[in-house]
Amino acid sequence: MEAAQDAEGGLEEQDDSEVPLETQEKPQKVEKKISETFFYSYEDIHSQPFVTEDSGIPVNLLTLKHSFGYDFTRSVNLMPMDAQTLMYIAGNHIVLLDLKTKSQHYLQSSGGGGIGFITAHPTKQYFAAGEKGKKPDLIIYDYPSLRPYRILRGGTEKAYVFGDFSNAGTLLASVGSSPDYMLTIWDWKQEKIVLRSKAFSQDVYKVSFSAYNEEQLITSGAGHIRFWKTALTFTGLKLQGALGRFGKTAVTDITGYVELPDGKVISGSEWGNLLLWEGDLIKAELCRAGQKPCHSGPVSQLVLEGRKLVTIGKDGFVRMWNLKVIEAADSVDDTGLLEVEPVNELLVGKNVSLSFMSKVYDSGQSVWYAQDTNGVIWKLDLSFRNAPCHPESLYTFHSKSIEAMSVSPITYLVATTALDRTVRIYDFISNSQLSEMKFTQGGTALTWAPTTVNPEGRLIAVGFEDGVVRIVEVYDPKGLPVHAEYRHTENAQINLKQAFKPHAAAVTALAYEQSGNVLATGSKDKTVFFFAVEDKYEPIGFIYVPGPVQALQWSPPSQVKSTLLILCENGFALQVPAPLPEEQDTSSTYQMKNLPVQYFHFSSIKSRIKLEEEIALREKKRQEKEKAKLEWIKQQQEMGKEIEEELGEEPEEEPLPPLYIPEEPSPILCGFYSSPGKFWLSLGGYDSGFLYHCEFSHGPQEDPENREDEPFEVIPVEDTDNNPINQISFSSDRLLMFCGMQNGALRVYPLQDKDLSVNSLKEYWSLNVHDNDYGQIRGISSSFDDRFLITCGEDGNIFTFNVLSSEDVHGELKAQIPSPRSGLEKEVATQDIENPDAYNIEQVKQKKEYDRIMKEAEEKKNKKRQELLALRQEFLVLLQKNQELPKHMQLQREEFEMDHRIFEELSRQTAQRIQLVQKELTWQHQKSLIGLQKLQNQFRDSLEFDTVVVHAIQSNHEISTYRLLAMPEKCYQDKQMWEQAEKREIVTETADPGIVEEEAAETLETLETRKPTTRYIESKQEQIKRSIEKHNAVKAKIVKRKAEWDELYKSKPSDDYEDPKDAEDIKAAQENMGFYELKTATNYRVPEHKHMNVEKKMTQLTSLEVLIHEKKANMNREIMSLRDLKVSTIEEIKILVQELKSIQAALDLSECLPLPLIPQLHPDEFPEKRFECDSDILLKFKEQQEAKAKVQEQLEEASSSHLFRHEFLQASSREEAAGAQPLKTASSQVTGQQKVFEIEKSEPTEMELENLKREKIKNLYLQETLIKRISALVISFDAELRLLRHKKLKLDVQLKSADLHYITWYEELLILRNLEKHENLLQGHLNTLISEQGAMQSELNNYLAQMEDRKCEIAKLQECERALYATFQMSLGENTEFAPFLTEVLEKKIKCLEKKEVGREADEDDENEEETDEESIVGSNEEKSGSEDEVFDEPVRPKSCSEALFQNTIQLQQKLVGIKKALEEEKKVAANLRKKYKALVKKAKVVESSLETAERELETFQWEKQQRMNDLYVAVPLKLHQVEYLVNGEMPSDFSQALVFSNQSLEYLQKRIVELCNEKIMQREIYRKAQKHHKQLVQDKKEMEIKIQQLEKKCNELMVKKFGQLVDFEAVQTHSGSIHIDELQVQIMEKEYMHSQELKKWEERILDLHQQLLKLTKENTSKLQQLNQFRLEMQQLETKMGSLKNDLGLEFQSTPTTDVKEKAKLKSRLKHLMCDTALLRGEIDLLRRKDGCLFLQPSAPWDCEAAPESFPFLTPEVVTNVPNFP
């Protein structure tokens, strides 16, 4: 790239391609353009191999020789540049293929990331290649010079996916992949971006310019199509895209589209139809006639060819459509579909999936080249002339991932296999494909047999997806003998030599032992199988491994012991020695359990390596930092500067990352031996980036799953953390190691000492070859002479390279194709394993072993059964003898049992075994049932029986089964009435645990601290509680007894009571009594249980269908049993004929009777065999039919029947052959003996003649007996057939009668359906009325309940009123003079309420009054009551009346007013409820009458419906003996007056007459007994009433005698007067206890305050004493001062300053003392008070000044007389 940029300096400077549009539009001073003649140098821009610096590795170590592959995963990967050149992408190369010379030219990608797309300029003068990688380039190449012309940069982030030139070729549009999906428009000649925008948020498949307007583009992709146009906005030119809206059409991925001349766009779809877009909406969806899709699959591409539209699809069709019809298309209905037929169509071939097609002109004629995703490049002629050319297959390639590759050990051939089910052979000297062979499954493993196995290098072992291994041989067909009619023109052919299936899953690895004696195969089924290599491979055995096998490698010849290295995907490596066939026991299984195995379970150490590297790096940085610091200190010291020690702390290091072990083990990708017991591994996933040197342990091998083994040496591999080594191969001298990488790159490591080391892997050569995204290398190998290297990858590409040599050096080399084996042309084709579900070798062995064991077990069982049968017979004889003995001598049955415990134990063991077997087979049983059910539902449920015709053997009689469809499941299910029950959820509330704990703690604390008083109170409360509970129990008992009495009285029947059962019996008798009412009678009423509707009639029809079906099915089963009898008869006849043949072989021809013909099965006896014919049988049948159609019709029938019977009789013929073998052997021996006798020609003796005569008589007898036996079998079978045929004829008569019934019922169903609508209306109206009646009844019951509740509330309020009056009377006491006054006060505010109540009662009596009038009256009453309340003022208490009594009366008055108001409201509500109840009763009566009318209408309709059905004609076939309607002993001609009874009904009527007579006698006897019992009950009732009266009288007398009056015992029992008093006493005790506790607290507080007062008093006393002392000192000082004044007055008169100052100080001190004295006086005054509160306030200044005059001096005497305060 640097050279390219330097080259631009000598040209006109180009503009930067990454400059945005706005910047480009700004006027620039100098606009530099690129010259039209400028070109880049290809050598400067294409990607070069990477070579480690100073390694000495030549750059041309490998040079590309040829490419055999083709990437069909790309939807567009074919670009014809002219008539002779095709261009396509192969990995990191663009390949230009010359169709004439078959040579290839390659263009390497520039960045090494791969090629994204290629597209050609309209003039084919240029083509563009969009690359992949980080910031990839888009390169424009000149054609045919292939020089880079322009390089476009900055168009996308990771990869280009599509590009297109404009129609004029001046612009180029490109679109990128994830993550940006950038759409870019280029001025490609100037390498400038014109416009850019994000195309979509999902994958974009295609972009193209409009052919008619370069300012419009179209993009399409995953679930979208977008229409773009350029628009001029205020910020400049922009791209604006309109997203296509699918509307009602399903969203689809769009890979192909084309713009029509009128501006519309037509695109394909995933389901094969064409979508016509107008704007951003779908105008129409095009399909073929009958709404068939245009293509049977996705439409890949659409192209305009003149006035025709060409579409190609994944179904292999190319179709042409009339463009004029499509342009005028428009949807005609809501479906949006428009049917259009193609003008022409071409089927390229079967199993063809076209994805792209391009056109070039060759000599003026258009030629189309098509890309087939199944691996073919086609050449097509779409001119559709009179004689069109057939599609021509130009090249075939692998169409899917290449899984394996191997190079011939002796010549320049390479074999490959892929998932496309092919094996191909290439000659990489002549660069050609020699041969290919297709199989039923994809290939997954391949290896070329070494020369030790096949010195000619002919054999190849191939493994496949289904677990099959095939041994194929490659040979030159020209070495076979030449026949005149056929000449071999192929270069090589592949022949299947042997096929065997050792595995149940895909074969992943194949390896031949170095000596060539053993072949090892590995699979994903976790097994490794060993085969002895001979002319035919024989199995030795297999072992299980811990994971799916990834690779197998035998130890090199340098190692003495031959061992196999097994590498598993899940991190396991195993080593096993080569097994010896003679040491293995394969009698019952091929599993080798005695083979020693060494395990290695890889444990990840990458995290630890990284951690050690991090620690070393940090240590190195720390040392470098310390070294730099020491150098700096040394420099400072040399400069003479002082160094101050830095006190700053160094920043803390980040914590080391923790060790990481991946949860899923890293997969092993490849590995190889290094020395005995040691090997190298390359892993993927987390552990990639290293080569690990591992060793098997020699100690005891523990459980492999629990092992954690670590490698003992690790070599880091550069740049492989995310790109591990996928494949490793060595040159034959092991001086070069070839590595295939996961990203498709190729590496070469030169090895100095033929072994790996850290230094040897530092230098390498690398080149990106395969696709970087999906082209990981699956195979890499050098040729046998190390001159060439071949690689293959998952991208379908195969590349060959020259190793340190050029193409010219190998000019004389030639690949030698192995010659064929001698006798190959005479060998029968080897039978291949085509069924992917076929048993593998071990399964076949296990099945044989199982069959053998089962056979032996069956033989043992039969033997035991015979022994048991003999013992049983002996036991029966003993029982018989026991029976014949006299009675007293016979043994009981129990005495024959030796020990009953034996039978019990056997029964128990049997039950346990049965249960165990059932448990073991439950899963398999359920699985099998489900599988069988699915298959049956899918294929066989629709047809239960096909038509099977069973023919007689000697006669022409035949019998056929009924063709019977399977009945739906719903026909076998009974109708069930589903009732939904309401589920009541019981919500249990649990207490909060926290609250419970707190309450428990509080209770505990209370129990600990409570006093005796509280205990007494609680005991008293408990006593009261028990009393209340006792009282409630008594009361509940009384209530319960009353309820029981009420219930008993309610259940007492009335005098006119009738038993419901008797009433039902009477009703039933009345309905069934008398004569039958004919359904045609006018007074006939259809009983409710006989009402017929559509549902019931459908049930009848269904039941009849089921019955008919069962009858036919039973007959079919009998016929099938007859067919089985015929098959067994034929088999027996065959055996007898074979015996007859063996007998006739010993007889003379004149004595042999004609052999009976063996009956043959007719084709229509086994119709299911028609579906078991394969293609070979059908082809042979067709050829024979055509050859013999004109010659003999009989031979045609015989051959067709023989061919048809071939498959059916194949198994039996094998058995016959096996069974006839001994007979053949015996006959051959007899013949041989005869020949010997003939040779000897000696005369037989008389004894010999006699023996021969006897043998002859015996054979003649046996011959006659066998022929009679055969005849008897045939006659017996024909008799069985005739009997069953007669039975079927009877059944046909019954079924015909059933069909007549079905027709009649179906006609009735039609009538019922016609009347169903009207009946549903009537029934719906009836149901509505019934539901309405039920709703009204529930509402009435609700009103009654509410009225009862109101009544109870009124009673309660009245009781409260009476109780209040009683309380008032008690409060008045006796002889109260103010009783009238207080009574008037109590009732003063009640009068208005009473008046209102009277008015309301009057209103209630008027039932005809309207509701509005009631409301108005109630409102007027309320106003009146309000006015009356205002009239009465509050009463005035008389002076002499007690105030408490008066206030009590006022409170009672207020309560009474409230009660009266509530009572009034309740009565008002009750009155409203009564009115609503009466109104609803009236409505209920109306509904009841409507219900009766609806029932009558429905009944009339049922009668009319019955008459309609009576009009139907019913056909009843009768025989003459069934007609008993005679007139004068003769049968009348008119049967209109006759009735048709079934025999069952007639017999029932006759039987019923007798039953009724007997029932009448019985009922009379029952009536007589009941009458007598009734009289007795009446007499008992009278006596009981007299006794009750006597007991009541006696009870009353005793009550008066004891109490003096009649007492209500229930009231006495429920009396609880003392309970309330006890409760009040307990409350008083609680209050007293609470008050005592409060008083105690106050006393404690007073005591505390008293103590504080004493303390303060003592403090004040000490202060007073101190004050007194101060005053004495002051008095002494004043006296002293006076004396000094008198003595020294004269001396200090002139200067009195000091005295004045001293005096001032004393005065100030005195003043302060006065203030303190005043404060102390105030405190003393406060202390004299009893409240104990001290508030010390400072005295005023004048108080201090007046203190000396008013405050007396205290002496000690005075202080002592101060009283002490309490």
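Residues numbered from 1 in each chain as written. Predicted model: local features only at pLDDT ≥ 70, side-chain atom pairs only at ≥ 80, totals over all residues. Heavy atoms only, no water.

Enquirer: Honestly, the nonpolar core in this entry has me stumped. Any pointers?
Expert: For soluble globular proteins, the rule of thumb is that nonpolar side chains tend to be buried together. One finds Leu62, Leu746, Trp765 and Leu789 to be the most contacted residues of the largest nonpolar core, which totals 34 residues. Leave out the neighbours within four places in its chain, and Trp765 touches Pro49, Phe50, Val51, Ile57, Pro58, Val59, Leu61, Leu62, Leu746, Arg747 and Val748. By size, the runner-up hydrophobic cluster in this structure holds 32 residues, among which are Tyr426, Leu496, Phe788 and Ile798. (Core = buried A, V, L, I, M, F, W, Y, C linked by side-chain atoms within 4.5 Å. Buried < 20%, exposed > 50% of the residue type's maximum accessible area, 1.4 Å probe, protein only. Contact = heavy atoms within 4.5 Å.)

Enquirer: What should I look at first to understand a nonpolar patch on the surface in this one?
Expert: On the surface, a nonpolar cluster with roughly 560 Å² of combined accessible area is contributed by Leu1520, Tyr1525, Leu1526, Val1527, Met1531 and Phe1535. Summarising the element assignment, Leu1520 is placed in the loop between α19 (1443-1510) and α20 (1543-1603). For Leu1520, a relative accessible area of 67% gives the class exposed. (Patch = residues over 30% accessible without salt bridge, like charges linked within 9 Å, V, L, I, M, F, W, Y side chains within 5 Å. Areas by Shrake-Rupley, 256 points an atom, 1.4 Å probe, with all protein chains shown as cover. Salt bridge = Lys/Arg side-chain N within 4 Å of Asp/Glu carboxyl O. Helix = DSSP H or I, 4+ residues; strand = E, 2+ residues; numbered from the N terminus.)

Enquirer: Any chance you could explain the packing of aromatic side chains here in plain terms?
Expert: Remark: the centre distance and the inter-plane angle together describe each pair of aromatic rings, the angle taken between the planes. Evaluation of the coordinates by the stated rule reveals 36 aromatic pairs. Residues Phe679 and Phe696 carry aromatic rings whose centres are separated by 4.8 Å and whose planes lie at 40 degrees to one another, so their mutual orientation is tilted. Residue Phe679 is found in strand β49 (residues 678-683), and its partner Phe696 is found in the loop between β50 (690-695) and β51 (713-716); the two are separated by 17 residues along the sequence. Note on Phe679: relative accessible area 0%, which makes it buried. Using a relative accessible area of 1% as the deciding quantity, one classes Phe696 as buried. Put simply, the rings of Phe500, Phe529, Phe531, Tyr537, Phe542, Tyr544 and Tyr590 touch in pairs and so form one group of aromatic residues. When the ring centre of Phe317 is taken as origin, the NZ or CZ atom of Arg319, which lies over that ring, is 4.3 Å away. (Phe/Tyr/Trp six-rings, centres within 6.5 Å; stacked < 30°, edge-to-face > 60°. Lys NZ or Arg CZ within 6 Å of the ring centre and 35° of its normal.)

Enquirer: Sorry if this is basic, but what is going on with the pattern of salt bridges here?
Expert: Two side chains of opposite charge can pair, provided their charged atoms sit close to one another. This structure, assessed with the given rule, holds 51 salt bridges. Lys264 is the partner of Asp262 in a salt bridge, and the nearest nitrogen-oxygen pair spans 2.8 Å. Of the residues examined, Asp262 reaches a relative accessible area of 38% and is grouped as partly exposed. The partner of Asp315 in a salt bridge is Arg319, with the nearest N and O atoms 3.6 Å apart. The same class applies to Asp315 and to Arg319, which are both buried. A single salt-bridge network, built from bridges that share partners, covers Asp71, Arg74, Lys132, Asp771 and Asp773.

Enquirer: Explain the pairing of strand β3 (residues 79-82) here, please?
Expert: When a strand is regular, its side chains alternate between the sheet's two faces. In terms of strand pairing, β3 meets strand β4 (residues 85-90) through 3 bridges, oriented antiparallel. Counted as the bridge partner of Pro80 is Leu86 from β4. Here β3 folds back onto β4, and the loop between the two strands holds 2 residues. (Pairing = 2+ DSSP bridges.)

Enquirer: How do you make sense of unusual backbone geometry when you look at a structure like this?
Expert: The phi angle of most residues is negative, glycine excepted, and most peptide bonds adopt the trans form. Each neighbour pair has its own omega, and for Tyr143 with Pro144 the value is 10 degrees, a cis peptide bond. With an omega dihedral of 10 degrees, the bond running from Ser178 to Pro179 counts as a cis peptide bond. Inspection of the secondary structure puts Pro179 in the loop between β12 (172-176) and β13 (182-187).

Enquirer: What am I meant to see in the packing of helix α11 (residues 1094-1144) against helix α15 (residues 1246-1372) here?
Expert: Pairs of packed helices are described in terms of their axes, by the angle between the two and the distance that separates them. It is at 9 Å that the axes of α11 and α15 come closest, and there the two elements cross at 170 degrees. With respect to α15, the element α11 is oriented roughly antiparallel. Of the residues assigned to the contact of α11 with α15, the class counts are 31 nonpolar, 6 polar and 16 charged. (Axes fitted to C-alpha atoms, helices over the stretch in contact; angles between N-to-C directions. Parallel < 35°, antiparallel > 145°, perpendicular 65-115°, else oblique. Nonpolar A, V, L, I, M, F, W, Y, C, P; charged D, E, K, R; others polar.)

Enquirer: It is not clear to me how the side chain of Lys501 should be interpreted in this structure. Could you clarify?
Expert: Structurally, Lys501 can be placed in the loop between β39 (493-500) and β40 (507-512). Within the buried core, Lys501 has no salt-bridge partner, and the shortest N-O distance to an opposite charge, that of Asp466, equals 5.4 Å. For Lys501, the side chain forms a polar contact with the main-chain oxygen of Ala838, separated by 2.6 Å. (Lys, Arg positive; Asp, Glu negative; His and termini not counted. Polar contact = N/O pair within 3.5 Å; in protein donor to acceptor, adjacent residues only side chain to side chain.)

Enquirer: Can you help me understand a negative patch on the surface in this one?
Expert: Taken together, the side chains of Asp1056, Glu1058, Asp1059, Asp1062 and Glu1064 present a region of like negative charge at the surface. Of note, Asp1056 is situated in the loop between α9 (1012-1051) and α10 (1060-1072). On the accessibility criterion, Asp1056 (65% relative accessible area) is exposed. (Charge placed at Lys NZ, Arg CZ, Asp CG, Glu CD.)

Enquirer: Is there a simple way to think about the environment of Glu157 in this case?
Expert: With respect to the element layout, Glu157 can be found in the loop between β10 (148-152) and β11 (160-165). For Glu157, a relative accessible area of 35% puts it in the partly exposed group. Considered as a pair, Glu157 and Gly133 are 24 residues apart in the sequence and their alpha carbons are 8.0 Å apart. The residues touching Glu157, leaving out its near neighbours within four places in the chain, are Gly133, Lys134, Lys135, Pro136, Pro179 and Asp180.

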